[in-house]
Amino acid sequence: MKTIGVLTSGGDAPGMNAAVRAVVRTAIANGMTVKGIRRGYNGLMEDDVIELGARDVSDIIQLGGTMLYSARSSRFKTEEGLAEAMATCKKHGIEGIVVIGGDGSFRGARDLSLRGIPCVGIPATIDNDISSTEYTIGFDTAMNTVIDMVDRLRDTCDSHARCSVVEVMGRRAGHIALRTGLSVGAVAILVPERDTSVDEVIEKIERTRALGKKHFIVMVAEGVGGVDEMAKKIEATTGIETRGTILGHVQRGGAPTVRDRVIASQMGFEAVNLLKEGIGNRVVAYKLGKIVNYDIYEALNMHKPFDEYMYLVADTTSI
Ligand code: ADP
């Protein structure tokens, strides 16, 4: 391959820039030309394409967000949308594309691969909810942001309210809630993968209060929701002053951590090495500390089990 494209799609995540940088520089190191496609598949359909040299990706490894912008596009899923995308590839001589995004974006990458533009996906989302990989770019940064904010909440919690019910992001998965809950010593962690009733939370608060626990953090994944109602019920039942807090989109921003910069760089490097060999329709993934890759179809059909062991650790240590 002589010319490849790179785009970021779906929800943005810290570390996407580090991945773009790695893709561009690995490609250039291998004698290829790189086209940056802006605004995800929208830019591919609408010919929003820029050439990226090694210096165009200077000073971005430390930045959150994505210099290529991201978007969601329903039109891309139609035959007309795909035809426009193919026309843009032809116009710019794009022979393969690195797609940085989530499972939705990988479905688009599969469609393009089937039409003759080999694509390689790189998993990036703060939610870590991509089935084929143990780790997604952005997860670590988002979790560090969460624990930083909850630690602050705890300071004021100590002075006023004694219980905080905190909602964190994660879409339909509880990965962020589980690990951050463990890290802030949450008395209870509510995730969509497990049924936990408010009564069980209250029971644990009462039980640990009897053991001398003075302040309580309840971590709730957005896929469970309902923090304000939960806070009211906890306060009404236990008499402990309780507040609900939704952390929201701040979790998506900020400078990527070392872990995110390193994994993004490794994945970008790996993706280009696949395309260089003419190998497409693959997604790069993280497994047992190593960067691996899978067929997209196979990847999309994988199932990621909930980490029951981690849940047990969190539950056992928060008494
Ligand atoms: P993510 O990539 O983070 O999962 P989305 O699910 O929003 O985010 O997908 C991003 C984009 O990928 C969509 O806006 C659409 O253009 C494309 N996409 C999503 N699902 C499909 C699909 N089934 N077929 C083709 N393209 C898709």
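Every chain is numbered on its own, with residues counted from 1 as its sequence reads. Local features in this predicted model are restricted to residues whose pLDDT is 70 or higher, and side-chain atom pairs enter the listing and the counts only when it is 80 or higher, whereas totals over whole chains, interfaces and linings include all residues. The side-chain values count all of the structure's non-hydrogen atoms but skip hydrogen atoms and water molecules.

All right, on to the overall build of the chain then. When helices and strands are counted, the chain shows 11 helices and 11 strands. With the radius of gyration taken over C-alpha atoms, the globule rule is written as 2.2 Å times the number of residues to the power 0.38. A compact globule built from 319 residues should have a C-alpha radius of gyration of about 20 Å, and the chain, at 22 Å, falls within 12% of that. Along the longest, intermediate and shortest principal axes, the C-alpha atoms of the chain span 70 × 35 × 35 Å. For every residue, the accessible area (1.4 Å probe, protein chains only) is compared with the maximum for its type, and the residue is labelled buried under 20%, exposed over 50%, or partly exposed between those bounds. Looking at the chain as a whole, 53% of its 319 residues qualify as buried. The contacts of the chain with a sequence gap of at least 6 include a subset with a gap of at least 24, amounting to 74%. Note that accessible areas follow from Shrake-Rupley with a 1.4 Å probe, and for residues the cover is restricted to the protein chains shown. Of the roughly 13700 Å² of accessible surface on the chain, 50% is carried by carbon and sulfur atoms. Where helices and strands are cited, they refer to DSSP runs of H or I of at least four residues and of E of at least two residues respectively, numbered from the N terminus. Any two residues whose heavy atoms approach within 4.5 Å are treated as being in contact.

Here we take up the nonpolar core. Counting 57 residues, the largest nonpolar core has Ile4, Val98, Ile100, Ile189 and Met219 as the members making the most contacts within it. Among buried residues, the Ala, Val, Leu, Ile, Met, Phe, Trp, Tyr and Cys ones that are joined through side-chain atoms within 4.5 Å form a nonpolar core. Residues Leu7, Ile37, Cys119 and Ala285 belong to the second largest nonpolar core, which totals 25 residues.

Attention now goes to the site of the ligand. Surveying the vicinity of the ligand reveals 15 residues, the closest of which are Arg72, Ser73, Gly102, Gly104 and Ser105. N or O atoms closer than or at 3.5 Å make up a polar contact, with two conditions inside protein: a donor-capable atom paired with an acceptor-capable one, and, for residues adjacent in sequence, both atoms drawn from side chains. Contacts to the ligand include serine 105, whose side-chain N or O atom sits 2.4 Å from an oxygen atom. In isolation the ligand offers 550 Å² of accessible surface; the protein chains occlude 84% of this area. Per element, the largest residue contribution to the shell around the ligand is six residues, and it comes from helix 4 (residues 103–114). For the shell around the ligand, the residue count by class is two nonpolar, eight polar and five charged. Here a residue counts as near a molecule or strand whenever at least one of its heavy atoms sits within 4 Å of it. Each residue is assigned to one class: nonpolar for Ala, Val, Leu, Ile, Met, Phe, Trp, Tyr, Cys and Pro, charged for Asp, Glu, Lys and Arg, and polar for all the others, Gly among them.

On to the domain arrangement of the chain, then. Each domain's extent is set by a domain assignment, obtained either automatically or from a database. Domain annotation of the chain identifies domain 1 (3–138 + 256–300) and domain 2 (141–249). A separation of 35 Å is found between the C-alpha centroids of domain 1 and domain 2. The interface is formed by 11 residues belonging to domain 1 together with nine residues belonging to domain 2. Two parts placed together each lose some accessible area under a 1.4 Å probe, and the buried area is that loss summed for both. Approximately 820 Å² of surface area, both sides summed, lies buried where domain 1 meets domain 2, with 51% of it carried by carbon and sulfur atoms. Looking only at domain 1, the three residues that lose the most surface to domain 2 are Ile126, Asp127 and Asp129, adding up to 54% of its buried area. Salt bridges are counted wherever a side-chain nitrogen of Lys or Arg sits within 4 Å of a carboxyl oxygen of Asp or Glu. At the boundary of domain 1 with domain 2, the tally comes to two salt bridges. Linking arginine 171 and aspartate 129 is a salt bridge whose minimum nitrogen-to-oxygen distance equals 3.1 Å. For the pair domain 1 and domain 2, the interface holds seven residue pairs in polar contact (both at pLDDT 80 or more). Counted by class, the side of domain 1 that touches domain 2 contains three nonpolar, four polar and four charged residues.

The subject of this paragraph is unusual backbone geometry. The general pattern is negative phi for most residues beyond glycine and trans for most peptide bonds. Although it is not a glycine, tyrosine 69 sits at a positive phi angle of roughly 60 degrees. Following the sequence through the fold, tyrosine 69 ends up in the loop between strand 3 (49–52) and helix 3 (79–92). Backbone geometry places asparagine 281, a non-glycine residue, at a positive phi of 55 degrees.

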